[in-house]
Amino acid sequence: MKLNDLELKQISGGVKIGLIAGILASVTFIIGLIDGYVRPLACRCS
């Protein structure tokens, strides 16, 4: 079964989920970066 142009334009994809995941990953990275500068911890290598 082939879809016509109108039907193809009405298909919604996973852009919302990917965008939300990207924003959350960016926020988590920035929080970790700020935390590393504000509160640096020494390495506990043995």
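Relevant structure appears above.
Everything in this summary refers to the structure shown in the same document. Keep in mind that this is a model prediction, so the values were computed, not measured.

1. Re the overall build of the chain
Reasoning step 1: Assigned secondary structure in the chain consists of two helices and zero strands.
Reasoning step 2: If you line up the chain on its principal axes, its C-alpha atoms span 65 × 25 × 10 Å.
Reasoning step 3: When burial is assessed residue by residue, the chain has 0% of its 46 residues classed as buried.
Reasoning step 4: Roughly 4800 Å² of accessible area belongs to the chain as shown, and the carbon and sulfur atoms make up 68% of that amount.

2. Some points on the pattern of salt bridges
Reasoning step 1: Scanning the model with the defined rule gives one salt bridge in all.
Reasoning step 2: Here Asp 35 and Arg 39 are joined by a salt bridge, their closest N and O atoms 3.2 Å apart.

3. Examining the environment of Ser 26
Reasoning step 1: Relative to the elements of secondary structure, Ser 26 occurs in helix H2 (residues 15-38).
Reasoning step 2: Here Ser 26 falls in the partly exposed class, since its relative accessible area comes to 38%.
Reasoning step 3: Residues Ser 26 and Met 1, 25 residues apart in the sequence, show an inter-C-alpha distance of 40 Å.

4. As for a nonpolar patch on the surface
Reasoning step 1: Side chains of Phe 29, Ile 30, Leu 33, Ile 34, Tyr 37 and Val 38 sit close together on the surface and give an oily, nonpolar patch of about 700 Å² of accessible area.
Reasoning step 2: Tracing the chain through its elements places Tyr 37 in helix H2.

What counts and how
- Residues numbered from 1 in each chain as written.
- Predicted model: local features only at pLDDT ≥ 70, side-chain atom pairs only at ≥ 80, totals over all residues.
- Heavy atoms only, no water.
- Helix = DSSP H or I, 4+ residues; strand = E, 2+ residues; numbered from the N terminus.
- Buried < 20%, exposed > 50% of the residue type's maximum accessible area, 1.4 Å probe, protein only.
- Areas by Shrake-Rupley, 256 points an atom, 1.4 Å probe, with all protein chains shown as cover.
- Salt bridge = Lys/Arg side-chain N within 4 Å of Asp/Glu carboxyl O.
- Patch = residues over 30% accessible without salt bridge, like charges linked within 9 Å, V, L, I, M, F, W, Y side chains within 5 Å.

Distances and angles like these do not, on their own, reveal function.
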